[in-house]
Amino acid sequence: MPEVETVRGGLDRLVVGATVRDVEVFREYSVRRHDGGPDSFRDQLAGRRLAAAVRRGKFLWLPLTEPGPQPGPNPPVEPKVPVEPTASVEPAAPVEPSALAETRPAAALLAHLGMSGQLLVRGATANEVPARSAPEPTGSALDASTQAAPAPAVDPAIAVDAVTDDQAAPTPTPYGAASPEDDWKHPHLRVRLHLDDAPSGAQYLDFVDQRTFGHLSVQDLVPDGTSATVPAGYGSDLPVLPEPVAHIARDLLDPNLDLDALVSRVRRRRTQVKRALLDQTVVSGVGNIYADEALWRAQVHWARATDKLRAVDVRRVLDSAAEVMREALVQGGTSFDELYVNVNGQSGYFDRSLAVYGRENEECRRCGTLVRRDAFMNRSSFSCPVCQPRPRGL
């Protein structure tokens, strides 16, 4: 999730408000989830405006509206000035709900980055466009006694000053630095959106995907089944989301997450705690790396049974996961092989802060015991044998 949120924040600053002038699909497989194929994908995007950048877990979408100024979902209410009734003053006609509904987007460009997908903004001339009005994610997975004081919000675009000198961010050449008028293309470019009127001056939004597990599609927006009034994703006030995302749970940094309900949901499951963390229908956005880091911080072994954990233990694991993802978000996410990058093509550097993941036979940063690696779901789990004792019988 931190990697996807880093991308969402960049899109929000650089391309929201732009109109899609044209679309080029260089690899049909990258739009395989779109009904109708590349021609339909192009037709449903051309001439539409990118109205917002929204995320739920690892899914990212940009609602589509007609070009031109659009009223917001919650327009400001002007203070009423008392007026003496006269024969010439007539009450304003009520606004029909259907008229309000027509101003809201009915479809969105949905993106899932998979293992190597990248959304790269090219040709931007104003990379420091101020962030839009949506608040940055806050730590909703906090103890109930401290929920009134969440962790300070940090804009990932400017947060590099928060790290220590030995964690200084690398400064690679931004992908968008070349002139947009040339014909240079990334070797793994799959889809290109040609943009007009982007607030940053950006001319292209490129979908790059080396391993081709990611995909783009245009999807209808449907009501969020969990609430008719609460925003369905971070970055928008609307209670709607793309249909393929409807089964995805909220993530730990979603300010509308019901933490108590999540704790109960985890404890009702009969599975290992790490499997529950990775189940996107339980809680979204926690990947293999952040699950290991959270469990190490909470001092809970990955194979502990969820139905045997106390509520306080589950809450501690969730708090730790939220904490580690906030820290990763500040540092732009975790990049081992430069496949996860922000919209300017820059890698995150949270991998320098990892406590256990990928550190087999290295000393635990807390007690000095050698970190252990176990096979887990065709992947690996890393843990400290002392800080995270194995359950009996395992």
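The sections below set out a description of the structure shown in this document. As the structure is a computational prediction, the values presented were derived from the model and not from experiment.

## Let's talk about the pairing of strand E9 (residues 215-223)
Step number 1: In this sheet, E9 lies alongside strand E5 (residues 107-112) in antiparallel orientation, the contact comprising six bridges. In the sheet register, Ala108 faces E9, and the bridge partner there is Gln219.
Step number 2: Judged from the three bridges that link them, E9 and strand E10 (residues 240-242) form a sheet pairing that is antiparallel. Bridging across to E10, Leu221 finds its partner in Pro242.

## Considerations on the pattern of salt bridges
A pair can form between side chains of opposite charge whenever their charged atoms are brought close.
Step number 1: Within this structure, the stated rule accounts for 22 salt bridges.
Step number 2: For Arg192, the salt bridge is made with Asp206, and the minimal N-O distance between the two is 2.8 Å. Here Arg192 is found in strand E7 (residues 189-196), whereas its partner Asp206 is found in strand E8 (residues 204-209), with 14 residues between them in sequence. Here Arg192 and Asp206 have matching classes, each one buried.
Step number 3: Residues participating in the shared-partner salt-bridge network are Glu5, Arg8, Arg55 and Asp251.

## Considering the environment of Val16
Step number 1: Mapped onto the secondary structure, Val16 falls in the loop between helix H1 (2-14) and strand E1 (19-25).
Step number 2: In this structure Val16 comes out as buried when scored by relative accessible area, which is 3%.
Step number 3: Placed 182 residues apart in sequence, Val16 and Ala198 show a C-alpha to C-alpha distance of 6.8 Å.

## Quick look at the nonpolar core
Step number 1: Counting residues in hydrophobic clusters, the biggest one holds 34 residues, and the most contacted among them are Leu11, Val15, Phe41, Leu45, Leu119, Val191 and Leu193.
Step number 2: Broken down by element, this core gets its largest block of residues, four residues, from H1.
Step number 3: Formed by 33 residues, the second largest nonpolar core is a distinct cluster that contains Leu257, Val286, Tyr290 and Phe376.

## Some remarks on the packing of H1 against helix H7 (residues 311-330)
Step number 1: In the contact formed by H1 and H7, the axes pass within 9 Å of each other and the chain directions differ by 45°. The angle between H1 and H7 places the two elements in the oblique class. Read as a crossing pair, H1 and H7 show a hand that is right-handed. Touching Pro2, Glu5 and Thr6 of H1 are Met325, Ala328 and Leu329, all from H7.
Step number 2: The residue inventory of the contact of H1 with H7, partitioned by class, reads four nonpolar, one polar and one charged.

## Let's talk about the packing of helix H4 (residues 259-268) against H7
Step number 1: In contact at an axis separation of 10 Å, H4 and H7 are set at 115° when each is read in the N-to-C sense. The orientation of H4 with respect to H7, classified from their angle, is roughly perpendicular. Relative to H7, the crossing made by H4 is right-handed. Residues Leu259, Asp260, Leu262, Val263, Val266 and Arg267 of H4 form the contact with H7, whose own contacting residues are Ala311, Val314, Arg315, Leu318 and Asp319.
Step number 2: For the contact of H4 with H7, a count of residues per class yields seven nonpolar, no polar and four charged.

## Description of helix H6 (residues 288-298)
Step number 1: Most of H6 sits out of view: ten of its eleven residues are buried.
Step number 2: Regarding H6, the residues found buried are Asn288, Ile289, Tyr290, Ala291, Asp292, Glu293, Ala294, Leu295, Trp296 and Ala298.
Step number 3: Residues of H6 that are buried in the fold lie against H1, helix H5 (273-278), H7, strand E11 (372-376) and strand E12 (379-383).
Step number 4: With its phi angle positive at about 60°, Gln299 sits one or two positions after the end of H6.

## Structural notes on the packing of aromatic side chains
Step number 1: A full pass over the atoms with the stated rule returns two aromatic pairs.
Step number 2: With a centroid separation of 5.3 Å and 70° between ring planes, the pair formed by Trp302 and Phe376 is classed as edge-to-face. Within this pair, whereas Trp302 is found in the loop between H6 and H7, its partner Phe376 is found in strand E11, the two being separated by 74 residues in sequence.
Step number 3: Overall, the relative accessible area of 7% leaves Trp302 in the buried class.
Step number 4: Here Tyr357 and Phe382 contribute two aromatic rings whose centre-to-centre distance is 5.1 Å and whose plane-to-plane angle is 70°, an arrangement assigned as edge-to-face. On the criterion of sequence distance, the pair formed by Tyr357 in the loop between H7 and E11 and Phe382 in strand E12 is long-range, its members being 25 residues apart.
Step number 5: Seen from the ring of Tyr29, Arg32 lies directly overhead, with NZ or CZ sitting 4.0 Å from the centre.

Cut-offs and rules
- Residues numbered from 1 in each chain as written.
- Predicted model: local features only at pLDDT ≥ 70, side-chain atom pairs only at ≥ 80, totals over all residues.
- Heavy atoms only, no water.
- Pairing = 2+ DSSP bridges.
- Helix = DSSP H or I, 4+ residues; strand = E, 2+ residues; numbered from the N terminus.
- Salt bridge = Lys/Arg side-chain N within 4 Å of Asp/Glu carboxyl O.
- Buried < 20%, exposed > 50% of the residue type's maximum accessible area, 1.4 Å probe, protein only.
- Core = buried A, V, L, I, M, F, W, Y, C linked by side-chain atoms within 4.5 Å.
- Axes fitted to C-alpha atoms, helices over the stretch in contact; angles between N-to-C directions.
- Parallel < 35°, antiparallel > 145°, perpendicular 65-115°, else oblique.
- Left-handed = near helix turned anticlockwise from the far one by under 90°.
- Contact = heavy atoms within 4.5 Å.
- Nonpolar A, V, L, I, M, F, W, Y, C, P; charged D, E, K, R; others polar.
- Phe/Tyr/Trp six-rings, centres within 6.5 Å; stacked < 30°, edge-to-face > 60°.
- Lys NZ or Arg CZ within 6 Å of the ring centre and 35° of its normal.

These values are about where atoms sit, not about what they do.
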